[in-house]
Structure formats: C-alpha cells, structure tokens
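The primary structure of each chain is shown beneath.
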Amino acid sequence: MRTINRVRAGAVIAAGVFALSACAGSSTKSGGGSTSSSTGSGSSTSAANNGKPTLEIGVQGPLSGANQALGLNIDWGVKLAVQQENAKGDLPFNLAVKEADDQGLQNNGADEANLLIQDQKVMGVVGPAFSGPTAAAGALYSTANLVAISPSATAPKLTASGFKTFYRVVANDNIQGKAAADYMAKALKASNVFVVDDKSQYGQGLSTAIVAELKADGVTVETDSAQAGTQDYSQLASKVASSGAKAMYYAGYYADGGVFAKALKSAGYNGTMMSGDGSKDPNFITTAGKDAAEGWQFTCACLDAGTNPKYAAFVSAYKQLANAEPGTYSIEGYDAANTIISVLKGLNTATPTRQAVADAVGKVDYQGLSKEVKFTSTGDISTTAVYVYQIKSGVITLLGDVNTLVGGS
Amino acid sequence: MYFTQHFWELLFQGIRLGSLYALIAIGYTMVYGVLQLINFAHSEVFMSGALGGVFMLTALAGTNGNIPSGFSAFEYTALALIAGAVVSAAVAFSLERVAYRPLRKRHAPKLVYLITAIGASIFLYNLAGKLFGRNNLQVPESFHSGPVFVLPGSGPSGPRTVKTLDVLIIATAFVMMIVLDLVINRTKLGSGIRAVAQDAETAQLMGVDVGKVISRTFIIGGLLAGVGGVLYAMFHAVSYTMGFIPGIKAFTAAVLGGIGNVRGAMLGGLLLGIVESFSQGIIPNGLEWVDVVSFVVLVVVLLIRPTGILGERTGRAA
C-alpha cells in the first residue's frame, strides 16, 4: 500500500513540477529585473532649478538581461543628447530621460511601452531597440500618437505594419540582408553559403532577406535555425562544417552568437563567418573568447564612431558621461534623440502635444551625426548605407561601405 | 544520409551533453531521495560552480587570450574544476542550512519546500546578476583543445575528430559518477543516505544523524553540479541565467531515469543527451525539434513506466 501511495505521490509531484517549471520559465524571462525606473539624466538635475517645466524623452530597450549592451549603448547616447540640450537651455522646458527596460523580449514590449505612454510628460520615445518588442509595442504608440524613433529595430515588416508613429534611423534588414548577401556573393565570391537564424523577429527577417538575395545572385544556400538559448551548438556547427560552405551567416544576437562561434571553432569550420548588427558588440568576443571570435565579420547599417576625427567631440563627451566607449547604436541613439529635440525646438512651445511632435517628425530633415535623418512615407530612413566590420586582434574594426567593397573587387 | 554519415560524431556529442546533464541530475535525484523535495535552486548551484571555476581561471590564466600548455594547462584545469566544485558545494550547503533546515525543523508541508526552492533560485540568480553583471562572462581557455582521435565517417570538411575538451568532459563526468556510485553503495555515508531515503524516522531510531546526512547529500550534489558547471562553461557561456535551461533538462533526466534513483539519473542524463543529439541528426532543421523530441520521449517513458526507467527506488542501491 505504502509503495503505491508513493508512486502516486511521485507522479503528482512530477506533474506539478512540470507546471511549476513552466511558470518558472516564463517568470525568469519576463519577471527578472524588468522593472523600469524613471531616471533623469545627470544633467537634468543640475539644470532643473531654473523654474522651467520638465518634459521627457523615453528610451525603450534592453537595459538589463542577456542583450543589455545594445540597449545601454542607445540609452547613453540619448542621455548625452539630453544633457547637451539642457546645457544649451534654449528650449522652453527642461528635458529628462525616462527609461523603460523591455530586456529585448517581445513579451515585455507592450508593458514597457504602456509605462511610457501613461506618463504624459513623455513627448517622444527613442526605441524600442529590438524588433520583437517593437512588433508588440508599435500599435500602442500609434494609438497614443506618441512618436517612437528606433535607432536599431531593423525587421523589415515593422514599417509595413501600419504603425503611424514608428520611425527608424537605420536601414531595415531587407537592405542589410541584401547588402550582406551581395557582399558574400560578390566580394567574398562564396559559391555556397550557410545561413543560420535565431528564430527571433529580427533573425528571421534578416535571414529571409539574405537568402532571397543570395538565390538571386545564383548562390547555393543552406539554412538552419537555432533558437536563442540553445544548449549545444556543436551539432549545428558540425553541420555547417561538413556542408563545406564558403561562408556562414548567423542572423541573431551576440549572447548566442558568441556561443555558436565557440562551437564553430571547435568543429573546425574554416569558411568566412559573418553576422549582423545584433551580434556586433564586444560581448560577442567576450562570450566566444578571442580565439574563436577572431576574423568574424559583421554587416551593420550602423556607423561606429571609432577613431574618425569627425566624431571625436561626440566620443569624448560620451565617454565622460557613460564612462565607456560608445558602442553599436550609440550614435544612432544620439541622432534619434536629437531628431526629437530638433522637432521640439521647431514647435517652440512649452506645451507641445504628442500629435504635433509626431506630425513634425514625419516631415523632419535633420542633419544627424551619422547621417541625414529624413524619413520615407512608411517611416524608414531614406539613406541606405550598410557597413562591414571585422574582428581584428580582438577589436571590431570598420572594413568599409558594402557598396565600395562590392564594387571595388 | 546525414545521420548515418555522422553517426559517431552525433553519438559523441550526445554523450558529452548527456554526461553533463547526468552530473546535474544526480543533485536533483539525491535531494529528492532524502527530502522528497525538488530542489529548484539546484540550477543556481550549478551556475555558481561555473562562476567559481571561471573566476579561478581568470585569476590563474588572465583574460589576455594566452592559452597555457603543458603542466600549467593541466594544473589550471584541475584547479578550476576544484574551485567550481567547492563553490557549488558551499552554496548547496548554505542553501540547505538557510532555506530548508528551518522548514524541516518546523515540519512544514511539502508545498512550502517547493515554493522556498523557487524563491531561493530567483534570489540566487538575481544576486549573481547584481554582483557579476548581466552579460556573458569571458571564460579563459585553460588548455588547447586539439583533436585526440579521429571518428569513423567523414564529410567534405575532412575527418571529424574528438577534441581534448570532449574527452575531458566525458572522462571527468564518468569518473565522478563511478566514484559516487561507490560512495553510495560501499561507504557508511552511503548507507546513511540510503537509510534516510528509505525511511528517515526509522533511520533516526537506528542512530543515523539525519540532519548530517541531509547536509552531506546537498554537498555531494553541489560538488557534482559544480564540476558540471565548469565543464559546461568551457564549451558554452557563463552568465547569471545560465543555470535555468540545463537545470530543467537535468531535472527531466532525473525523472526520466526514475527520480530518487542515482543510477537512474546517470542513465537518464546520458539518454536525454543522446536523444537530443540524434534528433538533430535525423530531423532536418532538427534543432527546432530537440525539445519536442526529448519531451515526447519523456512522456512515452512515463506512460510505460510511471516511475522512470529504473524506477523510483530511492533507498536501494540501484
């Protein structure tokens, strides 16, 4: 009798545990540290004593979690733009930054967007940083007439989803994907390419664009997918190695890309390994280890400040504020914030409405640091430059503009 | 066909992953044996071991990317494994002291343990994230992982090989499992653990110090998980949330083999690893199907044998 009871109890516990583990799973993803804080940037406090009211620029992106680096790069860029504007003091109000941390997860996108929407002081949002949360939040921003300028959400369909107030200051993944494919087919002269995506909005959008253009270029393509959080990349890495592909493109973010790089190294793959903007971060190198990361190339519609003297003033101001080098999308975050600021300046009123800001952003023509900010009717940026980077001795270095690289070879 | 061409490679990769699952699964199963508690914080014990090993490697080898060779390679690897084991054992021991012992003293219902376990897990990984950052940490390489022997079957990229790292993972895991099996079946501590698992009250009447046995069970589970964590770090990544998925997989392995049964956990771990690896080789784009296949296997096994492959024979040797 006793044993039977025990067996039954065991089965019940096991069943309960599965239910619980499922809950634990979702809570790890959505619960852990997704709290949002309203932080005025360092400068807004110093400028706050001049009797002017305070309005806010929202930032939505992963400020914690596995892919926080990209979000923080943007956040500091926005904070710098706000700090500089407050120092100038030529607006009829002070500006502050309000942060909403979606951890880059689609599930958190709507909640974090609501947090910004409900705060009536928020006049414009820089973000959402990732494509998944943008898909979840775009309609909300649209309904609230709150303008959202993403410095980095590149999934093509976002600007075709009818989000009235969504804009982005980087070329979308159709353009990045096409450029990446042309680069592999024409500059690297790869006759067969293996494309891996991470099953995210971003990864799938990018890989679809790459595969389409590769086929148009007459390249043999093999594809596979590995969800973010995959435990063992070694089988996939072996598959890539035994396919004999001349080039491999990983469409996903760095937290997993780095692990995949490790596995590819161990599998002895010797083709050209490439990835996109989502993996172009020093943390890719940290995760993979210097050895495995060496030689990887990245396509990105973003422009690194790097050592270009044109950006020296930006770099030193950024470093002073963030206590770190500007990274991927720092300039774009800065430009997106300044676009909103320029619009607020144009309206020149202490009580701008969200509707007025959104309308003005659609017609804006602002010379940003990285590019001229001017949007198409769907909200995409009108410039289409895509750059290629490569890891050389552990540092992500700019190789050049794809058009020049493809044309020059 | 891909699977037949790469059979040996897939098998090896499966055993490698499976032996790691087994190392973690033992911690779940042993604690279940003595406390009838699913210790969900065990995945954080695993994570802390990986962190311990990585900090030891960073202190020894630095982060400049130089790979040590010869004796220092061996020394660094061994020290990292020991550091991981010690840190994990310490975390597991304190976990039992702080989170479970007070409950046991007050004869709390089993559900309370479960909630405590989940709470402890959330606390520990957030603490680690706060202390060590939310990004992946760099794992310095402690040795050069070159080919050790060539596997039968070859593809266009040349012969497939088994690397030093693969051998290290599999060998360490198997040695530890064999030693553990001996400890459980041949030593006084082992018979104490078995006695408590069979019937804690009677064991106490027979003079077994139940509190001490439970403590030591946690320590043993921690030692194995810590070594598993360091080995896992060497081929995957280290971050504050790294424990979650391997923890769930290892728990699955423990249920598959028969929860409470130590040999069952070993078998379940290996089986799960091999099933995951093979399903990737057999199904096109198999990575997306890995979890589906492994849970189908679990459900089928539980339908046929509700207590797992080797049965829930907590007290017996196997």
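One numbering rule holds for all chains: residues counted from 1, following each sequence as written. Just so you know, chain letters begin at A and ligand numbers begin at 1, following the order they were written in. In keeping with the model being predicted, local features are shown solely for residues with a pLDDT of at least 70 and side-chain atom pairs are shown and tallied solely at 80 or more, while totals for entire chains, interfaces and linings include all residues.

Student: Is there a simple way to think about the overall build of chain B in this case?
Tutor: Runs of E in the DSSP output that reach at least two residues are strands. Runs of H or I that reach at least four are helices, and both are numbered from the N terminus. From N to C terminus, chain B includes twelve helices and two strands. Starting at the N terminus and walking to the C terminus, you meet the elements of chain B as α-α-α-α-α-β-β-α-α-α-α-α-α-α. Here the radius of gyration uses the C-alpha set of atoms, whereas the globule reference equals 2.2 Å times the residue count to the power 0.38. A globule of 318 residues ought to have a C-alpha radius of gyration of about 20 Å, and chain B, at 20 Å, matches this closely. A principal-axis box enclosing the C-alpha atoms of chain B has dimensions of 65 × 50 × 35 Å.

Student: Help me understand helix α7 (residues 201-216) of chain A in this model?
Tutor: Two residues of an α-helix separated by three or four positions point the same way, owing to the 3.6 residues in each turn. Residue and element names in this part refer to chain A. Over its 16 residues, α7 extends 23 Å from the first C-alpha to the last, a length consistent with the 22 Å expected when each residue adds 1.5 Å. Contacts here follow a simple rule: the backbone-placed C-beta atoms of the two residues must lie within 7 Å. The elements touched by buried residues of α7 are α4 (106-118), α5 (131-143), α6 (173-187), β6 (192-197), β7 (220-225) and β8 (247-251). A positive backbone phi angle near 75° is found at glycine 218, which sits one or two residues after α7. Helix span, as expected, comes to 1.5 Å for every residue beyond the first.

Student: What exactly am I supposed to notice about the pairing of strand β9 (residues 272-275) of chain A here?
Tutor: Residue and element names in this part refer to chain A. Residue burial is a threshold on neighbouring C-beta atoms within 10 Å of the residue's own C-beta, all placed from the backbone, with 20 or more meaning buried, 12 or fewer meaning exposed, and counts in between meaning partly exposed. The two faces of β9 match: Thr272 and Met274 on one face and Met273 and Ser275 on the other face are all buried. Across four bridges, the pairing between β8 and β9 is parallel. By the bridge assignment, methionine 248 is partnered in β9 with methionine 273. By the convention used here, strands pair only if DSSP detects at least 2 bridges between them.

Student: Please clarify how the UniProt feature "domain: Leucine-binding protein" (unreviewed entry) in chain A should be interpreted in this entry.
Tutor: UniProt positions are given in the numbering used here, feature names are shortened, and annotations may be inferred rather than shown by experiment. On the UniProt side, "domain: Leucine-binding protein" (unreviewed entry) is annotated at positions that read residues 55-393 of chain A here. Secondary structure content for residues 55-393 of chain A is 45% helix and 19% strand, and the end C-alpha separation is 44 Å.

Student: Is there a simple way to explain the interface of chain A and chain B in this structure?
Tutor: Many analyses report the size of an interface as the accessible area lost when the parts associate. The partner chain B presents 46 residues to the 45 residues of chain A that form the contact. Where the side of chain A that touches chain B is concerned, the elements lending two or more residues are α1 (2-30), α3 (68-88), β7, α8 (234-243), α9 (254-267), α10 (282-288) and α11 (290-293) of chain A. Ranked by residue count, the leading element in the side of chain A that touches chain B is α1(A), at ten residues. Here the side of chain A that touches chain B is built from residues that sort into 14 nonpolar, 26 polar and five charged. Residue polarity follows a fixed list, in which Ala, Val, Leu, Ile, Met, Phe, Trp, Tyr, Cys and Pro are nonpolar, Asp, Glu, Lys and Arg are charged, and the others, Gly among them, are polar.

Student: Sorry, what's going on with the UniProt feature "transmembrane region" (unreviewed entry) in chain B here?
Tutor: Residue and element names in this part refer to chain B. Taken from the UniProt record, the annotation "transmembrane region" (unreviewed entry) applies to residues 20-38, 45-64, 76-99, 111-128, 167-184, 218-238, 250-275 and 287-304. Between the end C-alpha atoms of residues 76-99 there is a gap of 33 Å, over a span that is 100% helix and 0% strand. With 100% helix and 0% strand, residues 111-128 has end C-alpha atoms that lie 26 Å from one another.

Student: Can you walk me through the sheet that holds β7(A) in this structure?
Tutor: Note: strands within a sheet are paired through backbone hydrogen bonds, in either parallel or antiparallel orientation. All names here are of chain A. Taken in spatial order, the seven strands make up an open sheet running β7-β6-β8-β9-β10-β13-β14, and their pairing is mixed. Both edges of this open sheet fall to β7 and β14 (395-401), since each of them pairs with a single strand only. Ignoring strand direction, the axes of neighbouring strands in this sheet form an average angle of 25°. Bridging between β6 and β8 involves five bridges; their strand directions are parallel. Looking at the pairing, aspartate 197 lines up with alanine 251 of β8. Axis definition: a line fit to C-alpha positions, over the contact stretch in the case of helices; interaxial angles, taken between N-to-C directions, run 0 to 180 degrees.

Student: Help me out: how do you make sense of the sheet that holds strand β1 (residues 54-61) of chain A in this one?
Tutor: Residues and elements named next belong to chain A. Across the sheet, five strands lie side by side as β2-β1-β3-β4-β5; this open sheet has parallel pairing. At either end of the open sheet lies a strand with only one pairing partner, and these are β2 (94-101) and β5 (166-168). Each neighbouring strand pair of the sheet contributes to a mean axis angle of 25°, computed without reference to strand direction. In the sheet, strand β4 (residues 147-150) pairs with β5 via three bridges, with the strands oriented parallel. Pairing of alanine 148 across the sheet is with phenylalanine 166, part of β5. The sheet contacts of α5 involve β1, β3 (122-126), β4 and β5, and relative to β5 the element is tilted by about 130°. Together, β3, β4 and β5 form the strand contacts of helix α14 (residues 354-362), whose direction differs from that of β4 by roughly 40°.

Student: Help me understand helix α5 (residues 110-132) of chain B in this model?
Tutor: All names here are of chain B. Here α5 spans 33 Å end to end across 23 residues, near enough to the 33 Å set by a 1.5 Å rise per residue. Tyr113, Thr116, Ala117, Ala120, Ser121, Leu124, Tyr125 and Ala128 are the residues of α5 that are buried. As for α5, its buried residues are in contact with α3 (42-61) and α4 (70-105). Backbone geometry just after α5 places glycine 133 at a positive phi near 90°.

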